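What the coordinates show
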Amino acid sequence: TGNLPVAERWFNAAKQARIKPNAVMFTTLINAASRMGNIEAAEFWFQEAVEANVTDDEFIYTSMVDAAAKCQDLRSAEHWFQKACDAGVNLTMATFNALIGAAVKSGDRGAAVKWLEHGRLAGLEPNVRSFQHLVNAALRYKDILAA
């Protein structure tokens, strides 16, 4: 939902019940931090996932890219994308869409198009969300022909 304190309470209750933390749990925490615009908390939960040895999951990295996007921080989003690549994580178009969204929110239409092309070069098919980001960028800058 975006209620990080509630997500953290459930996480801690699960740990007390001796439920081993998994990628879904950490992704939920990262997403909750992201929805609150709290990149520091997202990074904290990512580090916790590293310590739990569950960072081989594409969703955790995509969540970090998305957290940076929500903070309008394209460079940080690109940093997390590179970390995913360095970790050998198999990325999907959702990760590229998060980068495209980060570029749009950061005001860099050129980077948005670049990341769409990088996704294509990686053999991924752009989807509705990919083009929604580009249309939103065109409308934001009143470039009706690009929309």
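Look up: the structure comes first, before these words.
Keep in mind that what you see is a predicted model, and the values were worked out from it rather than measured.

A few words now on the environment of Arg 35. With respect to the helices, strands and loops of the structure, Arg 35 is situated in helix α2 (residues 23-35). Accessibility expressed as a relative area gives 49% for Arg 35, which makes it partly exposed. Between the C-alpha atom of Arg 35 and that of Lys 70, which follows or precedes it by 35 residues, the distance is 7.5 Å.

The contact between helix α7 (residues 109-121) and helix α8 (residues 128-140) brings their axes to 10 Å, and the two run at 165°. Classified by the angle their axes make, α7 and α8 are roughly antiparallel. Considering the relative orientation of α7 and α8, their crossing is left-handed. Along the contact surface, α7 presents Arg 109, Ala 112, Val 113, Leu 116 and Arg 120, while α8 presents Ser 130, Phe 131, Leu 134, Ala 137 and Ala 138. Across the contact of α7 with α8, the residue classes break down as 7 nonpolar, 1 polar and 2 charged.

When charged atoms on two side chains of opposite charge get close, those side chains can pair. Tallied over the full model, the rule gives 4 salt bridges. Linking Lys 114 and Glu 78 is a salt bridge whose minimum nitrogen-to-oxygen distance equals 3.6 Å. You can see Lys 114 sitting in helix α7 and its partner Glu 78 sitting in helix α5 (residues 74-86), a full 36 residues away along the chain. The exposure class of Lys 114 is partly exposed, given its relative accessible area of 36%. With a shortest N-O distance of 2.9 Å, Arg 120 and Glu 117 are connected by a salt bridge. You can see Arg 120 and its partner Glu 117 sitting in helix α7, 3 residues apart, about one turn around the helix. Here Arg 120 falls in the partly exposed class, since its relative accessible area comes to 39%. Judged by its relative accessible area of 33%, Glu 117 falls in the partly exposed class. Members of the salt-bridge network, linked through shared partners, are Arg 75, Glu 78 and Lys 114.

Here the focus is the packing of aromatic side chains. Aromatic rings considered in pairs are described by the distance between their centres and by the relative angle of their planes. Under the criterion given, the structure shown has 9 aromatic pairs. Both rings, one in Phe 46 and one in Trp 80, keep their centres 4.7 Å apart while their planes meet at 65°; by these two values the pair is edge-to-face. Taken together, the residues Phe 46 in helix α3 (residues 39-51) and Trp 80 in helix α5 connect sequence positions 34 residues apart. With relative accessibility at 4%, the residue Phe 46 sits in the buried group. Site record: aromatic cluster; members linked through ring pairs are Phe 11, Phe 26, Phe 44 and Trp 45.

Let us look at helix α1 (residues 4-16). Look at α1: 18 Å from first C-alpha to last across 13 residues, which is about the 18 Å you get at 1.5 Å a residue. Inspection of α1 places Leu 4, Ala 7, Phe 11 and Ala 14 among the buried residues, and these make up the whole buried set. End-on view of α1: buried residues confined to an arc of 85°, all on one side of the axis. Away from its buried face, by an angle of more than 90 degrees, α1 presents the exposed residues Arg 9 and Gln 16. The elements touched by buried residues of α1 are α2 and α3. Two residues or fewer past α1, Arg 18 is found with a positive phi of approximately 65°.

What counts and how
- Position numbers for residues start from 1 in each chain and track the written sequence from start to end.
- Where local features are concerned, this predicted model is filtered to residues with pLDDT of at least 70; where side-chain atom pairs are given and counted, the filter is 80 or more; whole-chain, interface and lining totals use all residues.
- As a rule here, side-chain values cover all heavy atoms of the structure and leave hydrogens and water aside.
- Every helix listed is a DSSP run of H or I at least four residues long, and every strand listed is a run of E at least two residues long, numbered separately from the N terminus.
- Three exposure classes are used, based on accessible area relative to the maximum for each residue type with a 1.4 Å probe and protein chains only: buried under 20%, partly exposed in between, and exposed over 50%.
- Think of each axis as a best-fit line through the C-alpha atoms, taken over the contacting stretch in the case of a helix, with angles from 0 to 180 degrees between the N-to-C directions.
- Any angle that falls under 35 degrees is termed roughly parallel, while one over 145 is termed roughly antiparallel, one within 65 to 115 roughly perpendicular, and all others oblique.
- Note on convention: near helix rotated counterclockwise from far helix by under a right angle means a left-handed crossing. Clockwise means right-handed.
- Contacts: residue pairs with any heavy atoms within 4.5 Å of one another.
- Classes in brief: Ala, Val, Leu, Ile, Met, Phe, Trp, Tyr, Cys and Pro nonpolar; Asp, Glu, Lys and Arg charged; the others, Gly included, polar.
- Here, a salt bridge means any Lys or Arg side-chain nitrogen found within 4 Å of an Asp or Glu carboxyl oxygen.
- Each aromatic pair joins two rings of Phe, Tyr and Trp (for Trp, the six-membered one) with centres within 6.5 Å, and gets the label stacked for planes under 30 degrees apart, edge-to-face for over 60, and tilted for any other angle.
- Each residue after the first adds 1.5 Å to the expected span of a helix.
- The arc in question is the one traced by the directions running from the helix axis out to the C-beta atoms.

What is shown is where atoms sit, not what they do.
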